[in-house]
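Residue-level structure breakdown
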Amino acid sequence: MRKVTETSSRSVPAVRPAVRLAVRPAVHQEAAGAGGRLDALDGVRAVASFTVLLYHVANETGAALQEGFTGALLSRGDVAVPIFFALSGLLLYRPFAAAVLTGAPAPRAGAYLWRRAVRILPSYWLVVAVALLLWSREHLADVWNWIVLLTLNQNYAVESWWHGLGPKGLAQMWSLSVEAAFYLALPLLAAGMAAFARRGGADADRRARRLLACLGALAAASFAWTLLVYYPEYRPHLNLWPPRSAVFFAAGMALAVVMAWARARPDGPAARFGRGVAASPGSWWLVAALAYAVAASPVTGTRFLGIDGVWSGLFELLLYTVVAFCLLAPAALLPDGGSPVRSLLGNRFTGFLGRISYGVFLWQFVAIYAWYGFTGQQPFTGDLLANLVPVTALTVGLATLTYLLVERPFQRLNALVKR
């Protein structure tokens, strides 16, 4: 079997070394937007973030590289990346969709971008500095290196000194780079979609269908981009560029349209769809689980060796989108009042884990490599449970401190701008 490096990736499916990096916990402190807070999404964020922590520890211990069904399931934990991208699409596009369909005020682009920058950059910069100090000191004097990393442009640095997706301890940040590109593009994308929708007249149904048509085109761009990755020649670095992940953002944005449409037309098709989802959340989660099981099969490519073809990349896009959409829908389209889904995902414990999930994303590779260095273990060796417990404890500790000492204080800067 080919030697696997710490920066190998499975979260960019067509780049197919043996280990695949995942992680993209959503970095939205607010699970709100137009219409109030969605506490159950904190629970989705928590489940996904700790699932992907399990996935990365399983890779480092070699458990995800073992033959058999369990190894196959562990190896596809990178599905959390599409889940977090879809969650971003849902939460961030929600007020834009409401502005088109219900007449709510649209977010101001400047204030929106300020909040995004304050939310993600301070903690990210801290982890970048720590990781470089620990493992890449020979590059500390390289000013261009700092510019590339601090501005989240590492995905576009094709000729770089690091091997794989990023410097040691920072390889998972490729997905944050994709997310940052979505943040920047969203106001322009939302404005264009709104203009197209309003050309259909004042009818909410017609506007909503036009928004969904735009999102269908956005989703199709991911599949077209995957073809471009392979033709006329294979260019694996293009898997890290935002168009490859557009379908996942579009899935969450579609849910945002459904939510706004249901408020605009309580007796319309979106409201009926929402009531149907709320009445059978288990069915949607079962579909998500079945899609995940299929994705864990060879249809999305081998776990072990070589570069997979275009068909495995296309199948992965489709299956991961199904998983993300079907997992999020019951948490997003909750009925008023109490519900089992709200009790399961919206309680205080899952809420706390959701709040620190960004720190879990940022620190987990620092925690993994620090633990392996402390214990003297070699990569791709070790017991899964014996390593998962201390790595999780260290990651949660660092994430909690970052939340209390960095994230919350910087959130106060949001008071400086008007929404």
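Use the structure listed above.
Since the model is a prediction, treat every value here as computed from it, not as a measurement.

Remarks on unusual backbone geometry
Residue Pro-232 is reached from Tyr-231 by a cis peptide bond, and omega for that bond is 5 degrees. Residue placement: Pro-232 occurs in the loop between helix H7 (204–230) and helix H8 (246–264). Phi at Leu-152 takes a positive value of approximately 60 degrees, unusual for a residue other than glycine. Note on placement: Leu-152 falls in the loop between helix H5 (143–150) and helix H6 (174–198). A positive phi angle, close to 65 degrees, is found at Phe-380, a residue other than glycine. Turning to its location among the elements, Phe-380 is positioned in the loop between helix H14 (357–375) and helix H15 (384–411).

Here we look at the pattern of salt bridges
Taken as a whole and judged by the stated rule, the model has four salt bridges. Close ionic contact of Glu-407 with Arg-119 constitutes a salt bridge, the shortest N to O distance being 2.8 Å. Of the two residues, Glu-407 sits in helix H15 while Arg-119 sits in helix H4 (residues 109–135), which places them 288 residues apart along the sequence. Note on Arg-119: relative accessible area 3%, which makes it buried. Between Asp-205 and Arg-265 there is a salt bridge whose closest N-O contact spans 2.3 Å. Of this pair, Asp-205 sits in helix H7 while Arg-265 sits in the loop between H8 and helix H9 (269–279), and the two are 60 residues apart along the sequence. Accessibility expressed as a relative area gives 25% for Arg-265, which makes it partly exposed.

Thresholds, definitions, all that
- Residues numbered from 1 in each chain as written.
- Predicted model: local features only at pLDDT ≥ 70, side-chain atom pairs only at ≥ 80, totals over all residues.
- Heavy atoms only, no water.
- Helix = DSSP H or I, 4+ residues; strand = E, 2+ residues; numbered from the N terminus.
- Salt bridge = Lys/Arg side-chain N within 4 Å of Asp/Glu carboxyl O.
- Buried < 20%, exposed > 50% of the residue type's maximum accessible area, 1.4 Å probe, protein only.

That's the geometry; what it means functionally is another story.
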